[in-house]
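# Observations on the three-dimensional arrangement
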Amino acid sequence: MSRHSTTGAVILAGGLARRMGGGDKPLLVLSGRTMLDRVAERIGAQVSSVILNANGDPTRFASNGLPVTPDGIPGNAGPLAGILAGLEYFRDHEPGIDAMVSIAGDTPFFPDDLVETLLGAQRHSGIALAQSGDRVHPVFGLWPVALAEDLRYFLTVEDNRKVLAFVDRHPNARVSFPMANLGAESIDPFFNVNTPEDLAKAETILAAREELPV
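Report on the accompanying structure. Note that the structure is predicted; figures quoted are calculated from it, not measured. (Residues numbered from 1 in each chain as written. Predicted model: local features only at pLDDT ≥ 70, side-chain atom pairs only at ≥ 80, totals over all residues. Heavy atoms only, no water.)

### Here we look at the packing of aromatic side chains
- Applying the stated criterion across every chain yields a total of 5 aromatic pairs.
- Taking 5.9 Å as the distance between ring centres and 50° as the angle between the ring planes, the aromatic pair formed by phenylalanine 110 and phenylalanine 140 counts as tilted. Highlighted residues: phenylalanine 110 in the loop between strand S6 (99-104) and helix H3 (114-121) and phenylalanine 140 in strand S8 (residues 135-144), separated in sequence by 30 residues.
- Ring centres of phenylalanine 177 and phenylalanine 190 lie 5.7 Å apart, and the angle between their planes is 80°; on these two criteria the pair is classed as edge-to-face. Pair noted here: phenylalanine 177 is in the loop between strand S9 (172-176) and strand S10 (180-182) and phenylalanine 190 is in the loop between strand S11 (185-187) and helix H6 (196-211), with a separation of 13 residues, a long-range link.
- On the basis of relative accessible area, phenylalanine 190 is assigned to the buried category, the value being 3%.
- Taken together, the aromatic side chains of Phe110, Phe140, Phe177 and Phe190 make up a single cluster linked through ring pairs. (Phe/Tyr/Trp six-rings, centres within 6.5 Å; stacked < 30°, edge-to-face > 60°. Helix = DSSP H or I, 4+ residues; strand = E, 2+ residues; numbered from the N terminus. Buried < 20%, exposed > 50% of the residue type's maximum accessible area, 1.4 Å probe, protein only.)

### Notes on the side chain of threonine 107
- Here threonine 107 shows up in the loop between S6 and H3.
- Residue threonine 107 is classed as buried on the basis of its relative accessible area of 1%.
- Polar side-chain contacts of threonine 107 include one of 3.2 Å to the side chain of aspartate 106.
- Apart from the residues within four sequence positions on either side, threonine 107 is in contact with Val39, Phe140, Pro189, Phe190, Phe191 and Asn192. (Polar contact = N/O pair within 3.5 Å; in protein donor to acceptor, adjacent residues only side chain to side chain. Contact = heavy atoms within 4.5 Å.)

### A look at the environment of arginine 169
- Summarising the element assignment, arginine 169 is placed in the loop between helix H5 (163-167) and S9.
- Leave out the neighbours within four places in its chain, and arginine 169 touches Asp150, Phe154 and Glu158.
- Within the local environment of arginine 169, its side chain forms a polar contact with the side chain of glutamate 158, the two groups lying 2.9 Å apart.

### Describing the nonpolar core
- Ranked by internal contacts, the top residues of the largest apolar core, which has 28 residues, are Ile11, Ile43 and Leu114.
- For this core, the elements supplying multiple residues, two or more each, are strand S1 (4-12), helix H1 (35-44), strand S4 (47-53), S6, H3, strand S7 (127-132) and S8.
- In this structure isoleucine 11 touches Leu36, Val39, Ala40, Ile43, Val50, Ile51, Leu52, Asn53, Leu66, Ile103 and Gly105, once residues within four positions along its chain are discounted.
- Ile73, Phe90, Leu151 and Phe166 belong to the second-largest nonpolar core, a separate cluster that totals 26 residues. (Core = buried A, V, L, I, M, F, W, Y, C linked by side-chain atoms within 4.5 Å.)

### Here we look at the sheet that holds S9
- On the basis of which strands lie adjacent, the open sheet formed by 7 strands has the order S5-S4-S1-S6-S8-S7-S9 and mixed pairing. Every other strand in the sheet has two partners, leaving strand S5 (68-69) and S9 as the edge strands with one partner each.
- Of the pairings in the sheet, the one linking S7 to S8 comprises 5 bridges and is antiparallel in character. Within the sheet, the bridge partner assigned to leucine 129 lies in S8 and is glycine 141.
- Packing against the sheet, H3 makes contact with S1, S4, S6, S7, S8 and S9, and its axis sits at approximately 115° to S1. (Pairing = 2+ DSSP bridges. Axes fitted to C-alpha atoms, helices over the stretch in contact; angles between N-to-C directions.)

### A look at H3
- Those residues of H3 that sit buried are Leu114, Val115 and Leu118. Buried residues of H3, viewed axially, fall in a sector of 90°; they line one side. (Arc of directions from axis to C-beta.)

### Side note on helix H2 (residues 79-93)
- Over its 15 residues, H2 extends 21 Å from the first C-alpha to the last, a length consistent with the 21 Å expected when each residue adds 1.5 Å.
- With 11 of 15 residues buried, H2 lies mostly within the body of the structure.
- All of the buried residues along H2 are Leu80, Ala81, Gly82, Ile83, Leu84, Ala85, Gly86, Leu87, Glu88, Tyr89 and Phe90. (Expected span 1.5 Å × (residues − 1).)

All we've got here are geometric facts, nothing functional implied.
Okay, structure coming up:
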């Protein structure tokens, strides 16, 4: 696993978690640790800087020690608002970062070579999105920081919140990731926790992974 010195990451935690009954899904505990802890550790090994996009009182995330940046677009404008918040943070505070990976805060098993693979597929300083099977995962993407101004225009002036509509106006690539082996089973590495049933399934997946031989 490589840590890329000019690439940062934003963990997206601005969703409303309606199917989980509200609250902050990344703060749910999975086998003794919050999902946010697990996600931050996993992506932190791949990039030089990690921040968290979340709205409301940032002190609820204080134990993680991550910089917290809220949406700069009002009205729960969706994942693009979180991506914009991350791009503008790196542009304004960490000028050595020229690309940013976005990560969902409720997806604890994403690939440990995510960043390296996305960077390898990025074309002409464009966008690269993760895919598993025939499903594209728009919140798992690599975004040039230079796109911040155009994304703000897209969200505010054009009033468009569709991730793929923004992606398709720029050079972009879809990057396919294989299913993850889990003993005799396989799982989608972008499995995310939306419901209490998903959380129970994640516990089962984690227990099975920890039982596999190294």
